[in-house]
Structures are given as C-alpha cells and as structure tokens.
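Examination of the molecular architecture
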Amino acid sequence: MSELPPCDAFVDGRWVPGSQRFSVKDPFDDALIAEVTDSDDAMIDAAVDAAARAFPGWKRRPGPERGRLLAQLAQRMLSAERRLAELCTRENGKALKESIAEVRYAASFFSWFAGEAERTYGETIPASQPGQRLTVIREPVGPAALITPWNFPYAMLTRKIGAALAAGCTIVAKPAALTPLSALALAQLAETVGIPPGVINIVPAADGGRAGGRLCGAAAIRKISFTGSTQVGMVLMRNAAADLKRVSLELGGNAPFVVLADADIDAAVSGAMVAKFRNTGQSCVAANRFIVDASVADTFTTKLCASVARLVVGRGLDPDVDIGPLVDDASVAKVKRLLEDAIGRGAKVLLGAPPDGKTRLVAPIVLAGITPQMQLWREEIFGPVVAIRTAADEADAIAQANDTEFGLVSYLYTQNGARQIRVAEAMESGMVGVNEGLVSTPQAPFGGIKHSGMGREGSRHGIDDYSNLKYIATRIG
Ligand code: SIN
C-alpha cells in the first residue's frame, strides 16, 4: 500500500499537528486511511502570515529560477507517479489508470509554468509626446488562497500553484476535506526540491466553508482561486468583494455533447466515452447532455451502448477497473434522485439500472427520451449517466446546447469544416471540443463563461490571473 505523507498542516515549511483531526476514508469500503489535522483559525492565520512574509523574497527571485524549482517539482511528481496515483485512488476512489493519468496531467502544469516563469513579459508602448517612455511590467498580485476540489486532487492544485509560483505569488491552499492527502504529498515533494518556507502552505480542514471564509477574510490574501460548485463560488466572490480581492472561479458545467447528421459516428462514440466517463463522470467538463441529430441517433446510441457495456466497475485499485466508486454518499444520492426524476417523467433506460444506494459503485446507465424539464438536463450529474435527446437539425442542436445557465465546455461532432467553425463559434462556452472528447491540456486556456465562472487557468494566459500590470511613464528628455 502507498506510503502516506505527513498528515498535518504544512505551514512556513514545517509540518504542524493540530489538536483536532478528521478522518479520510476510502470511498470504496469506508476503510480509514488517515486522521488529518483539522486546521483551526490560528493555523490558517499562521499560514497566511507565512505566505505574506515569504512573498517579497519569492517575488524578487528571477523568473527562470522560480521556473527551475517548478520543473524539479514536476520531475519529482513523475518519479513518484505510482505512489501518488495509489494515494489518489485510495482517497478519491478513481480507477488507478485514471490516477496515473492525473499525476501526469498534474505534473504537466508544473512543467508548463516552469517555462512560462521565464516569459512574464512586459511591453513598451510608443508615446504620443516626445521625451516620454511608456513601459508596462507584470507584478505578482500577492499571496493567493487556492481552494481546490476532490475530483482531481493533484491537477486542480498544480494548475493553480504552477501559475501562482511562476508569476511570483506565494500560496495558501485548502484542499477538499475528502482528499487532503494528495495535496499533502505535493507539499512533501515541494520540501525536497527546496522551495523556500512559506511559499507553499497547505491547510487541510474538515469544514471547507469555515476555512475558506477565514482565508477570504485575511487582509494579506490578495487573490482567491477556487474550483468547485457555482453556489460556493458565488459566496466566495461576495466575500472577496468586501476587500476587493482578485478572484478566479472555475465552477460547474452542464456540457452539451452534440452529434450532427454528418458526424463520424465511431469517432463520436470514442469521444463520448472519454467526455462522459473520465473520473466516473465526476468532472466539470463531463458531457452532461447528449444532443444527437435524429437521423443518426439510433446508430450513435447502439454503438455507444456497446462501448459502455464493456466498462468494468469496481474498486479503483484493481488494475482492470474503469469505473470506481462515486466519492461519497451524497454523490450517489444525487445521481439516484436525478435518475428517479428522469425515469418518473418518462425517460427510457437503454442500459443499466439506477443505483440502489447500498454501495457507492454506480454502474453506467444510458437513457433516451429526455426532455428539458428533467432535472438531469438542467443540473450537473457528476456520475456515469448518459442522457440522450434528439435534435431536428443544426439550429435546433445549437439552441438546445445553449439552453443552460452554464458555459464551461461544449463538444461537437461533424465532419464538415465550415460547420465545425460555425457551430463552435455559436456555442456559449469558454471551451469547445470539435471532434475531440478531451480539451484539458496545460497549453490551452481552461475556463468558462456564464455560471461556469471567470478567469483562465493553464496556457500563457494562466499567468494573467496572478499578475497585475504596472504602467510606468518615464520622462527621458
Ligand atoms: C474539473 O473537473 O474541474 C476539471 C477537469 C480537467 O481539468 O479536465
């Protein structure tokens, strides 16, 4: 079994035990994995102070030097891939192959931002008056609070830490209470590469609302980056407004997966399997609503059901498993409620059956005959459920796709080049996958519009969220 990291808060380069602890359990069988320090307000304040003290020194370090440390951190993650992946599967439940993919994905953000740390360029602007030089430089916003979810416990943290550290910010991270061990394992690796004390601080906490509120209220924190639900994101934004802190929010989705009449159906099925079943459907970018042209709906559905039927459901640590347990009882209850509502309103079950709620293993289920009134069409499912509606034509598919308050990602399958551009541009979302079921990559800007949030993570734009532009007008003659 994978070795555990220290199970305490990581503050100012030291492991700090707390008098209160909370249990981290395996979602598969509720086996106790660890008792982790529940950071109290004093510990959170100490972490913020440490980040504030470390900030001036970290900010002054040349970007390439900050980048070198991030690159080393990426290497350490990859060297510890198996141990990190097992830890993730134990606390999150996801299939081991998915955890391995996540460790690689997570490390790629450190590698990417190691490079970007060398390129935090400013600009020189031609002045309208003689004798004046106008320059713009980038400065780090200051200590940042990072609040991260349980569904990708490494990647959601490295995407934020990578950008923050590259920009010159120090951080205090509060990982999800269900999955704090992955974050603590990262802190342990950060210690080994010599990231200075106070630059990375991790404060696990059982009550995310209390800890998040404490971080938002801290005057020294100048930036909040949150990945999680839209509801919590709105609360954080209101709290941050009181002190005009910068905010980036990566929130819920309700992704349409559109298959048009001229799609390559086999490619659409392959894309759907990734877009729907990655992490057992527990992803903000999971395909939530399948919108399929009526002329190809039968073919698409039959082929998709054949692929879905091959998925292996079970304990994430078993190497053959594709679909691990859902993370907790509330997630199972939500999927059950959505399915009961849909079936009660006339949805047809083509494959699988609703969960009985006795175990967190939820077998994939495919439904047709969906209507827009059904709750699973309006809410993020976060489970292995395929809900299919037909569309009359391209215009109908676009209208259905955009009929949601969310706007994180959309997926589109068509072989017609002009249509690819036309429909992708009509889709109201921050990202679009065209004949592509997985858009997530460190090189591209990840983020949403509407109720899916604001700000972009990854890519060269990722640095923007952690830096201020400073304009300097200099009289030179
Ligand atoms: C998420 O589910 O929040 C993001 C997953 C990803 O980066 O692909």
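A few points on the structure. Keep in mind it's a predicted model, so treat the numbers as computed, not measured. (Residues numbered from 1 in each chain as written. Predicted model: local features only at pLDDT ≥ 70, side-chain atom pairs only at ≥ 80, totals over all residues. Heavy atoms only, no water.)

Mapped onto the elements of the fold, V296 is located in the loop between β13 (287-293) and α10 (297-309). Residues V296 and L260 lie 36 residues apart in sequence; the distance between their C-alpha atoms is 7.8 Å. In this structure V296 touches V259, L260, A261 and I265, once residues within four positions along its chain are discounted. (Helix = DSSP H or I, 4+ residues; strand = E, 2+ residues; numbered from the N terminus. Contact = heavy atoms within 4.5 Å.)

Right, let's talk about the packing of aromatic side chains for a bit. This model, assessed by the stated rule, comprises 7 aromatic pairs. For the ring pair F257 and Y411, a centre distance of 5.7 Å and an interplane angle of 35° mean the geometry is tilted. Taken as a pair, F257 in strand β12 (residues 255-259) and Y411 in strand β18 (residues 409-413) lie far apart in primary sequence, 154 residues in all. Measuring from centroid to centroid gives 5.1 Å for F257 and Y413, while their planes differ by 25°, and the two rings are stacked. Highlighted residues: F257 in strand β12 and Y413 in strand β18, separated in sequence by 156 residues. Just as F257 is buried, Y413 falls in that class too. Ring-pair connections join several aromatic residues into one group, and the members of that group are F257, F290, F300, Y411 and Y413. R159 extends its terminal NZ or CZ atom over the ring of F446, reaching a point 3.9 Å from the ring centre. (Phe/Tyr/Trp six-rings, centres within 6.5 Å; stacked < 30°, edge-to-face > 60°. Buried < 20%, exposed > 50% of the residue type's maximum accessible area, 1.4 Å probe, protein only. Lys NZ or Arg CZ within 6 Å of the ring centre and 35° of its normal.)

This part covers the pattern of salt bridges. Tallying each qualifying case throughout the model produces 32 salt bridges. When the shortest N-O distance is used, the salt bridge between R419 and D262 registers 3.1 Å. Residue R419 is located in helix α14 (residues 417-426), and its partner D262 is located in the loop between β12 and α9 (265-277); the two are separated by 157 residues in the primary sequence. By relative accessible area, R419 is classed as buried at 16%. The partner of D329 in a salt bridge is R360, and the shortest N-O contact between them spans 2.8 Å. Here the residue D329 occupies a position in helix α11 (residues 329-344), and R360 occupies one in the loop between β14 (348-351) and β15 (365-368), the gap between them amounting to 31 residues. Three or more residues are tied together by salt bridges with common partners; here these are D38, D41, D45, R210 and R214. (Salt bridge = Lys/Arg side-chain N within 4 Å of Asp/Glu carboxyl O.)

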